[in-house]
Structure formats: structure tokens, C-alpha cells
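Geometric and topological summary
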Amino acid sequence: MKRIVLFASGSGSNAEKIADYFVGNADVEVSLIVSNNPKAGVIERARRLHIPVLLFDRKTFYDTNRITQLLLNQNVDLIVLAGFMWLMPADLVRAFPNKIVNIHPALLPKFGGKGMYGHFVHEAVVAAGETESGITIHYVNEHYDEGQIIFQAHCLVVPTDTPDDVAKKVQVLEHEHYPRIVAEVLAGLI
Ligand code: GAR
């Protein structure tokens, strides 16, 4: 049985799509959802999906290696960031080389880096007059949005699109592709 742990800070729609994708799969389980935000929508989703939740604060995450140790003890095969807004600490990245993936709601290397998350990304895309946006799924290293790119998908941005319009198009791509790409990374296919 391969184990996936999901990290999420917000609504958790991607986390839920990924969990749904593996329901009934005898070889893969989403064993845990990890969050830094006790008010995150993902916690209610986890409860409905019967997936345990681990909540932690900033001090535990950055000043101890408790999270890394716990994940090592649970023999986690892949850590999947699905709207997780904190930088991964160095000891965690080192403990799981090429075993942490993230989704970014734009076409990296454009519109990435510190502060570029969620709606800020879509606002920047519209302000820059871009004609396309999309998603980037990538490995995670110690820098925001800089790990090796695994997969990208594109959508059109038209001049009348608001940041919310772009967010909706990007979310369709996220839900369509992220679960399958996670499965392929886990299976060693990509
Ligand atoms: C997603 O659009 C994801 O790409 C983005 O947060 C959203 C989470 O939505 N992630 C980042 O901006 C990371 N830098 P969700 O909670 O509904 O899955």
C-alpha cells in the first residue's frame, strides 16, 4: 500500500479531488491531511472523507522536526501540497527528496515566488495583460515555486476576464489534472 499525505491551508477542493480519485484503490491511500490552519475548509472535508487531520503551528513546523519525524515514521511515499501556503522547511525537503509535489495556479516561472499565491496570482496575471494562464505541478525544494516542473496545462485569458474568471478557469484545470498527475508520480511513470 502506498501512502499519500496531503498538506492544505484553505478550502481544500484539490485535496478532496485527490482523495476521491483514490477511493477504492487497493494500492494507494490518502492516510493523512495536514494543515496549519484550524479554520481551513479542508478540515471539514477531511472529516466527511474519514481521513485523519494533523494540525500544527508555525513554531512546531519551523523550530522542531516533529512533523518530519512523524511523516518518516508513517513511511509516507508522497507528500502532496494542495493549496498549502507555508514554505517547506529544509529538514522536511531533505527527508523526502523528489517526494514532495506542489500545484501552482499559473504558468511558472512567471507569477511565482513569495507572496504569489491564491488570488494574488490571478490579480497579477490580469494586471500584466496576459493572454494565457494555467497550472504548474512541480517538485518542491527549499525555495518557493522553484522545483523541477512535472506538468503544465494552459487556459486562455481574454481582456474582459476578471481575476475571479481566471481563478475559475485555472481551478477547472487543477481538478482535471492534479489527481492523475499525482497517481503517475506515485507510480514512477513521470
Ligand atoms: C489552488 O488554486 C492552488 O493552486 C493554490 O491555492 C489554491 C487552493 O485551492 N496554491 C497556491 O497558490 C500555492 N502557492 P483549494 O484549497 O480549493 O484546493
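Predicted model only: the values in this text are computed from it and were never measured.

Below, the discussion takes up the packing of aromatic side chains. The tally for this structure, following the rule as stated, stands at 13 aromatic pairs. When the ring of Tyr62 is compared with that of Trp86, the centres are 6.0 Å apart and the planes differ by 35°; the resulting orientation is tilted. Placement of Tyr62 in helix H3 (residues 58-63) and of Trp86 in the loop between strand S4 (78-81) and helix H5 (90-95) is noted, with a sequence separation of 24 residues between them. An aromatic cluster is present here, built from Phe7, Phe56, Phe61, Tyr62, Phe84 and Trp86 joined pairwise through their rings. Residue placement shows Arg58 over the ring face of Trp86; its charged tip is 4.4 Å from the ring centre. Directly above the aromatic system of Phe151 lies the positively charged group of Arg180, at a separation of 5.7 Å from the ring centroid.

Taken from the UniProt record, the annotation "binding site: (6R)-10-formyltetrahydrofolate" (unreviewed entry) applies to Asn102. Examined against the element boundaries, Asn102 turns out to sit in strand S5 (residues 100-104). When sequence neighbours within four positions are dropped, the list of residues in contact with Asn102 reads Leu81, Thr136, Ile137, His138, Val140, Asp145 and Tyr178.

All right, on to the side chain of Thr68 then. Within the secondary structure layout, Thr68 lies in helix H4 (residues 66-73). Setting aside anything within four residues of it in sequence, one finds Thr68 in contact with Asp91, Leu92, Ala95 and Phe96.

All right, on to helix H1 (residues 13-22) then. Taking burial as the measure, the 10 residues of H1 include 7 buried ones, the bulk of the element. Taken as a whole, H1 has its buried residues at Ser13, Asn14, Ala15, Glu16, Ile18, Ala19 and Phe22. Against strand S1 (2-7), strand S2 (28-35), helix H2 (41-49), S4 and helix H7 (163-186) lie the buried residues of H1.

Moving on: the pairing of strand S6 (residues 132-139). On a regular strand, one side chain projects to one face of the sheet and the next to the other, so that they alternate. Summarising burial for S6: 7 of the 8 residues are buried, a large majority. Judged from the 4 bridges that link them, S5 and S6 form a sheet pairing that is antiparallel. Bridge pairing in S6 places Val101 opposite Tyr139. Both S6 and strand S7 (residues 149-156) contribute to a ladder of 7 bridges, which runs antiparallel. Bridging across to S7, Ile137 finds its partner in Phe151.

Procedures and definitions
- Residues numbered from 1 in each chain as written.
- Predicted model: local features only at pLDDT ≥ 70, side-chain atom pairs only at ≥ 80, totals over all residues.
- Heavy atoms only, no water.
- Phe/Tyr/Trp six-rings, centres within 6.5 Å; stacked < 30°, edge-to-face > 60°.
- Helix = DSSP H or I, 4+ residues; strand = E, 2+ residues; numbered from the N terminus.
- Lys NZ or Arg CZ within 6 Å of the ring centre and 35° of its normal.
- UniProt positions renumbered as here; feature names shortened; annotations may be inferred.
- Contact = heavy atoms within 4.5 Å.
- Buried < 20%, exposed > 50% of the residue type's maximum accessible area, 1.4 Å probe, protein only.
- Pairing = 2+ DSSP bridges.

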